[in-house]
Amino acid sequence: MDDRKRELLSIVEKFGTDAMIEAQQLIDEIVFLEDKLKETKKLPFMVVNPNNPTQQKKTAAFMVYKELLIQFNACLRNLLKIAGDTGDSKEDTSYLRQWVKQRGGLYDLDARQ
């Protein structure tokens, strides 16, 4: 088991067996999506017309990244709900909110779709 999965499971463990059972598949999905996001982020997101730099097109990589990010955020929100964090409080009382904050604020948990 890799470190990321172990890290997330250790956070959810604190909420009991029921939370662990619910969260395991979700954590697998989160780890998978994180890896895919990292891979996709390395690809170009825009193509610029060399004859007219004002003409730009989104690449397929951009569209894939966008869809993966939407799925990732949804999975992360669901994991927060399983862990008992409703997202209503701005306080850093949730273990998962603290974990996200430690990761450098890479994820905006307060963004609503």
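Conventions used here
- Residues numbered from 1 in each chain as written.
- Predicted model: local features only at pLDDT ≥ 70, side-chain atom pairs only at ≥ 80, totals over all residues.
- Heavy atoms only, no water.
- Helix = DSSP H or I, 4+ residues; strand = E, 2+ residues; numbered from the N terminus.
- Buried < 20%, exposed > 50% of the residue type's maximum accessible area, 1.4 Å probe, protein only.
- Contact = heavy atoms within 4.5 Å.
- Areas by Shrake-Rupley, 256 points an atom, 1.4 Å probe, with all protein chains shown as cover.
- Salt bridge = Lys/Arg side-chain N within 4 Å of Asp/Glu carboxyl O.
- Expected span 1.5 Å × (residues − 1).
- Bend = angle between axes of the 7 residues up to and from the residue.
- Phe/Tyr/Trp six-rings, centres within 6.5 Å; stacked < 30°, edge-to-face > 60°.

Caption draft 1: Structural detail: the overall build of the protein. In terms of helices and strands, the protein carries four helices and two strands. For the protein, the sequential pattern of α-helices and β-strands runs α-α-β-β-α-α. Within the protein, the fraction of its 113 residues that count as buried is 33%. Across the protein, every contact between residues at least 6 apart in sequence was considered, and the portion connecting residues at least 24 apart equals 52%. In the structure as shown, the protein presents an accessible area of about 7,600 Å², 52% of it carried by carbon and sulfur atoms.

Caption draft 2: The pattern of salt bridges, seen in detail. The full count for this structure, using the stated rule, is five salt bridges. Across the salt bridge formed by D3 and R6, the nearest N and O atoms sit 3.2 Å from each other. Pair noted here: D3 and R6 are both in helix α1 (residues 3-13), with a separation of three residues, about one helical turn. Exposure remark for D3: the relative accessible area of 58% places this residue in the exposed category. Of the residues examined, R6 reaches a relative accessible area of 43% and is grouped as partly exposed. Salt-bridge contacts for K5 lead to D28; the nearest nitrogen and oxygen are separated by 2.6 Å. Remark: D28 occurs in helix α2 (residues 17-41) and K5 occurs in helix α1; sequence separation between them is 23 residues. You can call K5 partly exposed: its relative accessible area is 21%. What makes D28 partly exposed here is its relative accessible area of 37%. A cluster of three or more residues bridged by salt bridges with shared partners is formed by R4, E7 and E34.

Caption draft 3: Representation of α2 in the model. In this model α2 runs 35 Å from its N-terminal to its C-terminal C-alpha over 25 residues, within 8% of the 36 Å that 1.5 Å per residue would give. In α2, a bend of some 40° at A23 exceeds every other bend along the element.

Caption draft 4: Local environment of the packing of aromatic side chains. Under the definition given, this model contains two aromatic pairs. Between F45 and F62, the ring centres sit 5.9 Å apart and the planes meet at 70°, which makes this aromatic pair edge-to-face. Of this pair, F45 sits in the loop between α2 and β1 (46-48) while F62 is found in helix α3 (residues 60-82), placing the two residues 17 residues apart along the sequence. With a centroid separation of 5.1 Å and 40° between ring planes, the pair formed by F45 and Y65 is classed as tilted. Taken as a pair, F45 in the loop between α2 and β1 and Y65 in helix α3 lie far apart in primary sequence, 20 residues in all. Aromatic ring contacts, followed pair by pair, group F45, F62 and Y65 into a single cluster.

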